[in-house]
Structure formats: structure tokens, C-alpha cells
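# Coordinate analysis (summary)
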Amino acid sequence: MHATAEETVQARLILSAHRSVRLRVTLTYLPDDPLAVRMAFPAEFSLDDPADGGPESADIVWVFARRLLAAGLEVPSGIGDVHVRPALGRRTMVELRAPEGTALVQFDTADLRRFLWRSRLLVPEGEEHLHLDADRALAQLLG
């Protein structure tokens, strides 16, 4: 059994300039997938139509580069679907873009730093290549 870094933190989903809602987000790092972090959001925040047949109770999971999360704590970072940037008051903004819409989520930077620190205890930065299983990754791509 492999160790993982998992932490559930409180965040705010920004709805408008004057409205936001609190939500819990589960951050996960798996040494078997050493380049990535996962952010899981409660299913009730999905923009998907429940009539599409998907499981209503499944969390929404975004997977993106650990390096992107770390860089975004210091400077605006990201291209494509995920952007991370520092904000005022020791906060970090994560912007997630999908065809259904864009979500802007605000985190306490300390929570993200603690999570990244725990992930680095499992796989230090720069040693990710030692944990990659190229055969398994190829099988997943072709699977």
C-alpha cells in the first residue's frame, strides 16, 4: 500500500463580485502519479446536467500538474483549462475552465502550501521521474 497526501480544505466558489459560497475541496497527491495533483469538489457544484446519466453523487475531480499549483502560489501560472494565481490577503485563486463554464475558487494559501509540503515528503521536487511507471502510463493511455 502506497502512502498518499490527502487533505480536505475549505474554499470559496466565487459567484460574482459580491457573492461566494463555501465548499470543501479534497486535495490528493498520489506518488504513483507523481507529476499531478487532484482537486475534488462536491457533486452539487457540477455544471453538468444530471439528466445526462452520470452518477449524481460523484465528486468532480480536476487533475493537473503539481508544478502548476506550486508556481501559481507565487506568480500567475497556467495555460489551457487550469490557471492559478496569488490574490490579496494570503489567498490563492484557482480558475477551472470547461465547456460548461468557468469556476473561480479561492483558497487560503497556507492550506495549499501545507498540502504541497506533504506531497514533497512523498516525492521531492525533481525526483518525480523516479516514480514514473512508463508501462502502466502507456497501458492507461491505450486502455
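All of the points below concern the structure found in this document. (Residues numbered from 1 in each chain as written. Predicted model: local features only at pLDDT ≥ 70, side-chain atom pairs only at ≥ 80, totals over all residues. Heavy atoms only, no water.)

## Focus on the environment of F41
- Mapped onto the elements, F41 comes out in strand β3 (residues 36-41).
- In sequence terms F41 and L23 are 18 residues apart; their C-alpha atoms lie 7.7 Å from each other.
- When near neighbours in sequence (up to four residues on either side) are disregarded, F41 contacts L23, R24, V25, D59, I60, W62, L96 and V105. (Helix = DSSP H or I, 4+ residues; strand = E, 2+ residues; numbered from the N terminus. Contact = heavy atoms within 4.5 Å.)

## Considering the side chain of D111
- As for its position among the elements, D111 is in helix α2 (residues 109-122).
- Only 2.7 Å separates the side chain of D111 from the side chain of R114, close enough to count as a polar contact.
- Excluding its chain neighbours within four sequence positions, the residues that come into contact with D111 are E7, V9 and Q10. (Polar contact = N/O pair within 3.5 Å; in protein donor to acceptor, adjacent residues only side chain to side chain.)

## Let's talk about the sheet that holds strand β7 (residues 101-108)
- Strand order in this open sheet of seven strands is β4-β3-β2-β1-β7-β6-β5, and the pairing throughout is antiparallel. Strands with a single pairing partner mark the edges of an open sheet, and in this sheet they are β4 (60-65) and β5 (82-87). Between one strand axis and the next, the sheet turns by 30 degrees as a mean value, whatever way the strands run.
- Of the strand pairs in this sheet, strand β1 (residues 5-14) and strand β2 (residues 20-29) are connected by 10 bridges, and their pairing is antiparallel. Counterpart to Q10 in the pairing with β2 is R24.
- Sheet strands touched by α2: β1, β2, β3, β6 (91-98) and β7. Its angle to β1, the strand with the most contacts, is close to 155 degrees. (Pairing = 2+ DSSP bridges. Axes fitted to C-alpha atoms, helices over the stretch in contact; angles between N-to-C directions.)

## Comments concerning the nonpolar core
- Membership of the largest hydrophobic core comes to 27 residues, with the highest contact counts inside it found for V25, M39, F41, L69 and F107.
- Once residues lying within four places of it in the same chain are set aside, the contact partners of V25 are E7, T8, V9, A11, M39, A40, F41 and F107. (Core = buried A, V, L, I, M, F, W, Y, C linked by side-chain atoms within 4.5 Å. Buried < 20%, exposed > 50% of the residue type's maximum accessible area, 1.4 Å probe, protein only.)

## Topic: unusual backbone geometry
- Here the phi dihedral of R90 falls at roughly 60 degrees; this positive angle occurs in a residue that is not glycine.
- Mapped onto the elements of the fold, R90 is located in the loop between β5 and β6.

## What to know about the pairing of β2
- Here β1 folds back onto β2 in antiparallel fashion, the turn holding five residues.
- Here three bridges tie β2 to β3, and the two strands are oriented antiparallel to one another. Counted as the bridge partner of L27 is M39 from β3.
- Counted between consecutive antiparallel strands, the loop separating β2 from β3 contains six residues.

## With respect to the pairing of β6
- Direction of pairing for β5 relative to β6: antiparallel, over a ladder of six bridges. Counterpart to H83 in the pairing with β6 is E95.
- Connecting β5 to the antiparallel partner β6 that follows it, the hairpin turn spans three residues, and G89 within it adopts a positive phi of roughly 70 degrees.
- Relative to β7, β6 is paired through eight bridges, and the arrangement is antiparallel. The residue of β7 that forms the bridge with L96 is A103.
- The antiparallel hairpin formed by β6 and β7 contains two residues in its connecting segment.

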